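Survey of secondary and tertiary structure
This is what each chain is made of:
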Amino acid sequence: MAEQSVPGAKRETPTGGRADARTPPLRPGEYAPADYAAVVTRTAREAGVSPLLVMTVLHNEAYKPHHPLLERLWQWWKPGASFGLANMHRATFERVRRTHGLPGRWQDLRDDPAFAVRTAALHLADLDRSLPERHVRRYTRDELLALGYNTGERNMRAFARGVPPGPMARSYLRRFRAHRESAAESPADGGEPHDAVTG
């Protein structure tokens, strides 16, 4: 059985972070992104992105269980699968790792939820730096960053210029908008709700 951290307990992990995020539950349907709100808030602020953006991405990526054992089985069935609470693919992880000098390996995303959230926040910050200040008005900046998280930086920049997204990206955007309110209600900083929903 996977070791679970005691709330408030801090210990070093192989990835150099603090293990203050419990292992996601094994049973499908019991995973809740809100359980990681404190980690989201801390790592998003350290990366310089909105905690609400990161939390909404976690809600969007919660379509499959994230317990390490289940992710190992998922990878056995689908070798190119993504890992961690934020479902990051290997190529994206390697780019973020090189850019930010992160310790650890791609596989660590499945075993260390705090590391997975931190890596996602850093990736969103990288996308934010590459997104032009001016973009089409039909999307908020956070919506474009979420599309970039899902489809890649080049596609995000194309959407910002007005190129219409394809069906899968439109579906991701619809889910992102639908999850925004529940992500905003996730407790953070000792039970305080996130800031109001903004663009």
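Residues numbered from 1 in each chain as written. Predicted model: local features only at pLDDT ≥ 70, side-chain atom pairs only at ≥ 80, totals over all residues. Heavy atoms only, no water.

Counting its regular elements, the protein chain contains nine helices and two strands. Reading the secondary structure of the protein chain in the N-to-C direction produces α-α-α-α-α-α-α-α-α-β-β. Each of the 199 residues in the protein chain was classed as buried or not, and the buried ones make up 48%. Considering only residue pairs separated by 6 or more positions, the protein chain has 57% of its internal contacts joining residues 24 or more positions apart. (Helix = DSSP H or I, 4+ residues; strand = E, 2+ residues; numbered from the N terminus. Buried < 20%, exposed > 50% of the residue type's maximum accessible area, 1.4 Å probe, protein only. Contact = heavy atoms within 4.5 Å.)

What follows concerns helix 2 (residues 51-60). Owing to its 3.6 residues per turn, the α-helix brings residues three or four apart onto one side. Most of helix 2 sits inside the fold, with ten of its ten residues counted as buried. Those residues of helix 2 that sit buried are Pro51, Leu52, Leu53, Val54, Met55, Thr56, Val57, Leu58, His59 and Asn60. Packing partners of the buried residues in helix 2 comprise helix 1 (37-47), helix 6 (113-130), helix 7 (141-151) and helix 9 (167-184). Its side-chain oxygen placed 3.1 Å from the backbone nitrogen of Leu52, Ser50 serves as the N-cap of helix 2. (Polar contact = N/O pair within 3.5 Å; in protein donor to acceptor, adjacent residues only side chain to side chain.)

One can find Asp126 in helix 6. A distance of 2.3 Å separates the side chain of Asp126 from the side chain of Arg129, its partner in a polar contact. Contact partners of Asp126, with chain neighbours within four places excluded, come to Val96, Thr99 and His100.

The next point concerns the environment of Val136. In this fold, Val136 is placed in the loop between helix 6 and helix 7. Separated by 26 residues in the primary sequence, Val136 and Gly162 place their C-alpha atoms 5.8 Å from one another. Leaving out residues up to four positions away in the same chain, Val136 has contacts with Phe159, Ala160, Arg161 and Gly162.

So, on to the pattern of salt bridges. One pass over the structure, following the stated rule, counts nine salt bridges. In this structure, Arg180 engages Asp142 in a salt bridge whose closest nitrogen and oxygen atoms are separated by 2.8 Å. Within this pair, whereas Arg180 is found in helix 9, its partner Asp142 is found in helix 7, the two being separated by 38 residues in sequence. A single salt-bridge network, built from bridges that share partners, covers Asp128, Glu133 and Arg141. (Salt bridge = Lys/Arg side-chain N within 4 Å of Asp/Glu carboxyl O.)

Time to look at unusual backbone geometry. Glycine aside, a negative phi is what most residues show, and trans is what most peptide bonds show. At Asn87, a position not held by glycine, the phi torsion is positive, near 50 degrees. Within the fold, Asn87 resides in the loop between helix 3 (68-77) and helix 4 (90-100). The class for Asn87 is buried, based on a relative accessible area of 6%.

Another aspect to go through is the layout of surface pockets. Rolled over the atoms, a probe with the dimensions of a water molecule shows which regions are left empty. Counted as a void, the largest pocket has a volume near 540 Å³. Considering the residues around the largest pocket, the lining is formed by 25 residues, among which Glu61, Tyr63, Asn87, His89 and Asn150 are closest to the centre. The set of elements that each furnish at least two residues to the lining of the largest pocket consists of helix 4, helix 7 and helix 9. Residue contributions to the lining of the largest pocket peak at five residues, all from helix 9. For the lining of the largest pocket, a count of residues per class yields eight nonpolar, eleven polar and six charged. (1 Å grid on protein atoms, 1.4 Å probe; cavity = no way out; pocket = protein on both sides within 12 Å on 5 of 7 lines; lining within 4 Å. Points joined across faces, edges and corners; volume = space filled by probe spheres on them. Nonpolar A, V, L, I, M, F, W, Y, C, P; charged D, E, K, R; others polar.)

On to the confidence of the model for the protein chain. When pLDDT is averaged along the protein chain, the result is 81; 75% of the residues meet or exceed 70. When the criterion is pLDDT under 50, residues 1-12 qualifies, and its contacts beyond four places in sequence or with other chains add up to 18 contacts. The low-confidence segment residues 189-199 (pLDDT under 50) makes 26 contacts with residues lying over four places distant or belonging to another chain. (pLDDT = per-residue confidence, 0-100.)

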